[in-house]
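Descriptive analysis of the structure
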Amino acid sequence: MQPPTQSEGRAAVAVGDDGVPRCAWGSSDPEYRRYHDEEWGFELHGDRPLFEKLSLEGFQAGLSWITILRRRPTFRLAFHDFDIDRVAAMDDAEAEALMQDPGIIRNRAKISATIGNARIVQELVRQTPGALDELMWSFAPGAQRPRPRGFGDIPAVTPESTAMSKALRSLGLRFVGPTTLYALMQSAGMVDDHVEGCWRAT
């Protein structure tokens, strides 16, 4: 996810009731706080974890990330813990059943894309285990840009996320636009966008 849009002049860091300074978006909700402290910006590796991240970021498009976080346990049940082979094997009946599941985002195009993406990734990693991890991390910037002082310093799209999007689209993956993939890069620790003053900014 990317930080929610901040109004002009709003503080980039907020101190929670626990006395810990965080990126302001990370203090706004208990689940956001946990996610900010324990996941966002930590390096994430592995074909399955990155496939899950890719899928959830795709479902998030047009929605708030907190909506996805609150439904993530149900997403994991619905998509077999994002096991690539099991998702790739899902048929039309299973996809249709998901359209009746109120615990996920019932968007037919996104459900179809998740299953279709799994089939493409399955072929990729069948030939070379770790290939999705290697491909996605190949677009991580070689050096961290200056630590953002505020949310206005954080881009929505970068040349690296645009290049990753082009590569994944060339394989046939869907819901992998450059904005979605920059959010993934932030979340998976390919970039570090914790703002100055946040306890996670090191």
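Reading the values: the criteria
- Counting restarts for each chain: residues are numbered from 1 in the order of the written sequence.
- Residue-level local features of this predicted model are given only where pLDDT is at least 70; pairs of side-chain atoms are given and counted only at 80 or more, and the full residue set underlies all totals for whole chains, interfaces and linings.
- Heavy atoms from the whole structure form the basis of all side-chain values; hydrogens and water molecules are not counted.
- Strands are runs of DSSP state E lasting at least two residues, helices are runs of H or I lasting at least four, and both sets are numbered from the N terminus onward.
- All radius of gyration figures rest on C-alpha atoms, and the globule criterion is 2.2 Å times the number of residues raised to 0.38.
- Contacts are residue-level and defined by heavy atoms, with any inter-residue pair within 4.5 Å sufficient.
- We get accessible surface area from the Shrake-Rupley algorithm with a probe of 1.4 Å; when it comes to residues, only the shown protein chains can shield them.
- By the counting rule applied here, Lys and Arg register as positive and Asp and Glu as negative, while His and the ends of each chain are not counted.
- Note on charges: their place is set at NZ of Lys, CZ of Arg, CG of Asp or CD of Glu.
- What counts as a salt bridge is simple: a side-chain nitrogen of Lys or Arg found within 4 Å of a carboxyl oxygen of Asp or Glu.
- Burial classification: accessible surface area is computed with a 1.4 Å probe over protein chains only, and a residue below 20% of its type maximum counts as buried, one above 50% as exposed, and the rest as partly exposed.
- UniProt positions are given in the numbering used here, feature names are shortened, and annotations may be inferred rather than shown by experiment.
- Polar contact criterion, stated in full: a pair of N or O atoms within 3.5 Å, where within protein one must be able to donate a hydrogen and the other to accept it, and residues adjacent in sequence count only if both atoms are side-chain atoms.
- Ring pairs are drawn from Phe, Tyr and Trp, using the six-membered ring of Trp, whenever the two centres fall within 6.5 Å, and their geometry is named by plane angle: stacked under 30 degrees, edge-to-face over 60, tilted for the rest.

1. Considering the overall build of the chain
- Scanning the chain for helices and strands turns up nine helices and two strands.
- Listed by position from the N terminus, the elements making up the chain come as β-β-α-α-α-α-α-α-α-α-α.
- The globule rule puts the C-alpha radius of gyration for 202 residues at 17 Å, and the 17 Å found for the chain is close to it.
- Its C-alpha atoms put the chain at 50 × 35 × 25 Å along the principal axes.
- The long-range fraction of contacts in the chain, counting pairs at least 24 apart against all pairs at least 6 apart in sequence, stands at 67%.
- On the chain, roughly 9,600 Å² of surface is accessible, and the fraction owed to carbon and sulfur atoms is 52%.
- Side-chain charges in the chain split into 23 positive and 28 negative, and the spacing between the mean points of these groups amounts to 4 Å.

2. Some details on the pattern of salt bridges
- One pass over the structure, following the stated rule, counts 16 salt bridges.
- A salt bridge links Arg22 to Asp18; the nearest nitrogen and oxygen atoms lie 2.7 Å apart.
- In this structure Arg22 comes out as buried when scored by relative accessible area, which is 3%.
- Given the relative accessible area of 38%, Asp18 is considered partly exposed.
- Across the salt bridge formed by Arg147 and Asp192, the nearest N and O atoms sit 3.0 Å from each other. With Arg147 in the loop between α7 (131-137) and α8 (159-171) and Asp192 in the segment after α9 (178-187), this pair connects stretches of sequence that are 45 residues apart. The same class applies to Arg147 as to Asp192, namely buried.
- Within the structure, one salt-bridge network assembled from shared partners comprises Asp17, Asp18, Arg22, Arg33 and Asp37.

3. Describing the side chain of Lys53
- Inspection of the secondary structure assignment puts Lys53 in helix α2 (residues 47-60).
- Look at Lys53: it is buried, it has no salt bridge, and the nearest opposite charge is Glu39 at 4.3 Å.
- Aside from chain neighbours lying at most four places away, what touches Lys53 is Tyr35, Glu39, Leu44, Leu184 and Ser187.

4. Notes on the environment of Gly16
- The topology assignment puts Gly16 in the loop between β1 (13-15) and β2 (21-23).
- Spatially, the C-alpha atoms of Gly16 and Ser27 are 5.8 Å apart, while their sequence positions differ by eleven residues.

5. A few points about α9
- Summarising burial for α9: eight of the ten residues are buried, a large majority.
- Elements that come into contact with the buried residues of α9 comprise α1 (30-38), α2, α7 and α8.
- Phi for Gly189, located one or two positions after α9, is positive at around 80 degrees.

6. With respect to the UniProt feature "binding site: Zn(2+)" (unreviewed entry) in the chain
- If you check UniProt for "binding site: Zn(2+)" (unreviewed entry), the listed places come out as Cys23, His36, His194 and Cys198 in our numbering. The greatest C-alpha distance among the annotated residues, which extend across 176 residues, is 10.3 Å, indicating that they converge on a single site.
- The residue Cys23 is located in strand β2 in this model.
- Excluding residues that lie within four positions of it along the chain, Cys23 makes contacts with Ala12, His36, Phe151, His194, Val195 and Cys198.
- Turning to its location among the elements, His194 is positioned in the segment after α9.
- Not counting chain neighbours up to four residues away, the residues in contact with His194 comprise Cys23, His36, Trp40, Gly41, Arg147, Pro148, Arg200 and Ala201.
- At 3.2 Å, the side chain of His194 and the side chain of His36 are in polar contact.

7. Topic: the packing of aromatic side chains
- For the structure shown, the criterion picks out eight aromatic pairs.
- With a centroid separation of 5.4 Å and 80 degrees between ring planes, the pair formed by Trp25 and Tyr32 is classed as edge-to-face.
- With relative accessibility at 6%, the residue Tyr32 sits in the buried group.
- Where Phe51 meets Phe82, the ring centres are 6.2 Å apart and the plane angle is 65 degrees; that geometry is what we call edge-to-face. Here Phe51 is found in helix α2, whereas its partner Phe82 is found in the loop between α3 (65-78) and α4 (84-88), with 31 residues between them in sequence. Across the pair, Phe82 and Phe51 agree in class, each one buried.
- Chaining the aromatic ring pairs together yields one cluster made of Trp25, Tyr32, Tyr35, Trp40 and Trp65.

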